Amino acid sequence: MQQQYRAYAQQAPQRSPHATASSRRGGIGPMMSAGPHPSVPLTQTQMAQQQQAHAQAAELAKRRSRKPTDKNIPDGVENSIVNPESAQRYRDLKDIERLLDATITRKRLDVLDNTQHPTKLTKTLRIWISNTVEDQVWQGNGPTSDAFDFSGAAEASYQVKIEGCLLDDEAVEDDAKSKPPGADDANQDNADRMDEDTATNEKPTSPSSKLKLSHFFKAMSVDFDRSRFRNGAEQNVEWKKPDAALRQPNGPNLPPAADFDEITFKRNGDENTNITINLFRQEIPERYQFSPELGDVVDMKEGTQQEAVMGLWEYIRQRSLQEDEEKRNFRCDELLRKVVRNDVGFIPMLNEYVAQNLRPLPPVALPYTIRVDEDFHKDPQPTIYDVQVTVDDPMTANLQELINNPQYLAMLKDITGLDEQLVRLVQAVSASKAKHSFMKSLGDDPATFVRNWLSSQKRDLEVIMGEGSNGGDNGYGDEWRRGGSNSVWATQTARESVNVLLSRQR
């Protein structure tokens, strides 16, 4: 368990009265010398293990350098095989494979970019507002003129219920216009639950996988008409989402106060009352309202801070306002001068320029009249509002599963193994092609072939013995300068030598 320490205030250091001018006051000296420290000698077993590890690493590096990687069949192999068309079919398959690899890589990068920068979809959140009453005069629950016992008389009250449901498509939207979820419940059943302000997540008509009403808002308030009540401010209703739910809106095991489809509250009263329901949006990343000056530059009235910064940078780039000598500075035109408040701006400070022109989004205001009269409650109808909200693209989760699919890594391993087998087969084909060319040249003109072969062996021997500068052409003759398919550089020996040199450089 970590120990707890109290932080004490440090006092200013005081000079000792006994210290002389020549005395040197210093802290604790170095515990060890600054030079090299003696190390513990290794045992024979540890030294043997280190040597074995180095040998294995060197062997692996040597194998990687010697591993062939060329999957292209040699030129002219069509003249040495029974079916010449197979070589062209192999080349066509290579082109198709190259095209598929480029397409898959590009699509995978697009998917990865979409998962890192998820898109938002706009959907409709339907909100129903209704109210029930209890112990009103017209309900006949109050005292009569013939009764003299007023102890059992209850005060007239009403209960307001706010429900929300996220619509999926037009069909659900048309069906939902007819009645709110749970509208078939009797009014008396609702009145029996009017004991206190409650928030419930019971909503039988919406599946549990849907986002609930509380997901889209971080706070909610109900303002009463103060002109008719002296204590109008005391009648107000407020709800705020807990901090844990604000940090992780999609987290599991959310508290009931942050995971509900409807919210109800009860107040006393026997007259019709006007209220305004204010809904404060919760969006990640947070969206702001832009100032008129910033809105004229980025051509948007609201958005995220990142969108405003990107719009500001696009405005600077399209109008070529960036200075030529100092790329970090930009000139301000008439519109930018209102945002930056200067004639010259600094590109690393674009976030600060944008931040001072951001305003919180106004809440969604839903007016509603609480009806307590008898005529309305003979056939009560809820007030319905449609609010546009943003939700995450449901394809993002599927794309994330595609990126993290373990079968993809297993498939890559299988493809790597097949590529290695293909490289070995191509290497065997090249060796067979070299043997075939050797035998064919020897059979066509043995004298010329032997003469050329001996000349080649002589040059190789001179190079090995270090006598290439005396009698040989030292690699600078006409034969080495000449290119083309019949030159020295087109031989299999030259290709293998170049591959070996390139593999050593890796």
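Note that the structure is predicted; figures quoted are calculated from it, not measured. (Residues numbered from 1 in each chain as written. Predicted model: local features only at pLDDT ≥ 70, side-chain atom pairs only at ≥ 80, totals over all residues. Heavy atoms only, no water.)

S.K.: Any chance you could explain the overall build of the protein here in plain terms?
M.R.: In terms of helices and strands, the protein carries 16 helices and 14 strands. The contacts in the protein between residues at least 6 apart in sequence include a share of 69% that link residues at least 24 apart. Carbon together with sulfur atoms contributes 52% to the accessible area of the protein, which is approximately 36,200 Å² in total. (Helix = DSSP H or I, 4+ residues; strand = E, 2+ residues; numbered from the N terminus. Contact = heavy atoms within 4.5 Å. Areas by Shrake-Rupley, 256 points an atom, 1.4 Å probe, with all protein chains shown as cover.)

S.K.: Mind showing me how you'd approach the sheet that holds strand 12 (residues 358–360) here?
M.R.: Paired through backbone hydrogen bonds, the strands of a sheet run either parallel or antiparallel to each other. Read from one edge to the other, the open sheet built from three strands follows the order 9-8-12, with strand pairing classed as antiparallel. Since the sheet does not close on itself, it has two edges, and those belong to strand 9 (302–304) and strand 12, each with one partner. Averaged over all neighbouring strand pairs, the angle between strand axes comes to 50°, with direction disregarded. In the sheet, strand 8 (residues 287–290) pairs with strand 12 via three bridges, with the strands oriented antiparallel. Note that in strand 12 the partner of glutamine 289 across the bridge is arginine 359. The sheet contacts of helix 8 (residues 305–318) involve strand 8, strand 9 and strand 12, and relative to strand 9 the element is tilted by about 100°. (Pairing = 2+ DSSP bridges. Axes fitted to C-alpha atoms, helices over the stretch in contact; angles between N-to-C directions.)

S.K.: Could you clarify how one ought to interpret the sheet that holds strand 4 (residues 217–224) in this entry?
M.R.: The strand order across the open sheet built from four strands is 5-4-7-13, with neighbouring strands paired in antiparallel fashion. At either end of the open sheet lies a strand with only one pairing partner, and these are strand 5 (237–240) and strand 13 (364–370). Between one strand axis and the next, the sheet turns by 15° as a mean value, whatever way the strands run. Pairing of strand 4 with strand 5, which is carried by four bridges, proceeds in the antiparallel orientation. Looking across to strand 5, one finds that serine 221 is bridged to glutamate 238.

S.K.: What is the right way to read the packing of helix 2 (residues 85–116) against helix 12 (residues 395–403) from this model?
M.R.: For any two helices packed against each other, one specifies the crossing angle of their axes together with the interaxial distance. Running from N to C, helix 2 and helix 12 cross one another at 130°; their axes reach a closest spacing of 9 Å. With respect to helix 12, the element helix 2 is oriented oblique. Between helix 2 and helix 12 lies a crossing of left-handed hand. Of the residues in helix 12, those in contact with Arg108, Val111, Leu112, Asn114 and Thr115 of helix 2 are Thr396, Leu399, Gln400, Leu402 and Ile403. A breakdown of the residues in the contact of helix 2 with helix 12 according to their chemical character gives five nonpolar, four polar and one charged. (Parallel < 35°, antiparallel > 145°, perpendicular 65-115°, else oblique. Left-handed = near helix turned anticlockwise from the far one by under 90°. Nonpolar A, V, L, I, M, F, W, Y, C, P; charged D, E, K, R; others polar.)

S.K.: How should I be thinking about the confidence of the model for the protein in this particular structure?
M.R.: Detailed reading of the predicted coordinates is not advisable wherever pLDDT is low. Predicted confidence across the protein gives a mean pLDDT of 77, with 74% of residues reaching 70 or more. Counting contacts from residues 176–208, a segment whose pLDDT is below 50, to residues more than four positions away or on other chains yields 53 contacts. (pLDDT = per-residue confidence, 0-100.)

S.K.: Even after reading the chapter, I still don't get the nonpolar core, so can you show me in this structure?
M.R.: Across soluble globular proteins, you tend to see nonpolar side chains buried next to one another. Counting 30 residues, the largest nonpolar core has Ile127, Phe224, Ile275, Ile277, Leu279 and Ile370 as the members making the most contacts within it. Every element with two or more residues in this core is listed here: strand 1 (120–134), strand 2 (157–166), strand 4, strand 5, strand 6 (262–268), strand 7 (273–281), strand 13 and strand 14 (383–392). Formed by 20 residues, the second largest nonpolar core is a distinct cluster that contains Phe290, Ala308, Val309 and Tyr353. (Core = buried A, V, L, I, M, F, W, Y, C linked by side-chain atoms within 4.5 Å. Buried < 20%, exposed > 50% of the residue type's maximum accessible area, 1.4 Å probe, protein only.)

S.K.: How should I be thinking about the pairing of strand 8 in this particular structure?
M.R.: Along a regular strand, successive side chains alternate from one face of the sheet to the other. Across three bridges, the pairing between strand 8 and strand 9 is antiparallel. Opposite arginine 287, over in strand 9, you have threonine 304 as the bridge partner.

S.K.: Sorry if this is basic, but what is going on with helix 8 here?
M.R.: In an α-helix, one full turn covers 3.6 residues, which means residues spaced three or four apart are oriented alike. Between its first and last C-alpha, helix 8 extends 20 Å over 14 residues, near the 20 Å set by a 1.5 Å rise per residue. In this structure, the buried side of helix 8 is in contact with strand 8, helix 7 (292–298), strand 9, strand 10 (329–331), helix 9 (334–340) and helix 10 (350–355). With its phi angle positive at about 55°, serine 320 sits one or two positions after the end of helix 8. (Expected span 1.5 Å × (residues − 1).)

S.K.: How should the pattern of salt bridges be read in this particular structure?
M.R.: If the charged atoms of two oppositely charged side chains come close together, the side chains can form a pair. For the coordinates displayed, the defined rule picks out 17 salt bridges. Between glutamate 302 and arginine 287 there is a salt bridge, and its shortest N-O distance comes to 4.0 Å. Taken together, the residues glutamate 302 in strand 9 and arginine 287 in strand 8 connect sequence positions 15 residues apart. Residue classification places glutamate 302 among the partly exposed positions, given a relative accessible area of 39%. Linking aspartate 343 and arginine 337 is a salt bridge whose minimum nitrogen-to-oxygen distance equals 2.9 Å. Overlapping salt bridges, with partners in common, bring together Lys71, Glu97 and Asp419 in one network. (Salt bridge = Lys/Arg side-chain N within 4 Å of Asp/Glu carboxyl O.)

S.K.: Can you help me understand the packing of aromatic side chains in this one?
M.R.: Where two aromatic rings form a pair, the distance of their centres and the angle of their planes describe that pair. This structure, assessed with the given rule, holds four aromatic pairs. A centroid spacing of 6.5 Å and a plane angle of 80° characterise the contact between phenylalanine 330 and tyrosine 353, whose relative ring orientation is edge-to-face. Placement of phenylalanine 330 in strand 10 and of tyrosine 353 in helix 10 is noted, with a sequence separation of 23 residues between them. Of the two residues, phenylalanine 330 and tyrosine 353, both sit in the buried class. Between phenylalanine 438 and phenylalanine 449 the ring centres are 4.9 Å apart and the planes differ by 80°, which places this aromatic pair in the edge-to-face class. (Phe/Tyr/Trp six-rings, centres within 6.5 Å; stacked < 30°, edge-to-face > 60°.)

S.K.: Before we go on, may I ask you to explain helix 2 in this structure?
M.R.: For helix 2, built from 32 residues, the straight-helix expectation of 46 Å at 1.5 Å per residue is met to within 8% by its first-to-last C-alpha distance of 47 Å. Within helix 2, burial applies to Ala87, Tyr90, Lys94, Val111 and Thr115. Considering only its buried residues, helix 2 is in contact with helix 12 and helix 13 (406–444).

S.K.: Even after reading the chapter, I still don't get empty space enclosed by the protein, so can you show me in this structure?
M.R.: Here the idea is plain: a probe the size of a water molecule rolls over the atoms and shows the empty space left. Applying the stated criterion across every chain yields a total of two cavities of 30 Å³ or more. Empty space within the second largest cavity amounts to approximately 30 Å³. Ile162, Met220, Ser221, Val222, Val237, Glu238, Trp239, Ile263 and Phe265 are the residues that line the second largest cavity. Looking at the lining of the second largest cavity, the elements that each hand over two or more residues are strand 4, strand 5 and strand 6. By residue class, the composition of the lining of the second largest cavity is seven nonpolar, one polar and one charged. (1 Å grid on protein atoms, 1.4 Å probe; cavity = no way out; pocket = protein on both sides within 12 Å on 5 of 7 lines; lining within 4 Å. Points joined across faces, edges and corners; volume = space filled by probe spheres on them.)

S.K.: Any chance you could explain the layout of surface pockets here in plain terms?
M.R.: Space inside the second largest pocket adds up to approximately 710 Å³. Taken together, 23 residues form the lining of the second largest pocket, with Pro118, Lys120, Ile284, Pro285 and Asp392 sitting closest to its centre. Mapped onto the lining of the second largest pocket, the elements with two or more residues apiece are helix 8 and strand 14. Considering every element that reaches the lining of the second largest pocket, the biggest residue donor is strand 14, with four residues. Among the residues making up the lining of the second largest pocket, the classes are represented as nine nonpolar, eight polar and six charged.

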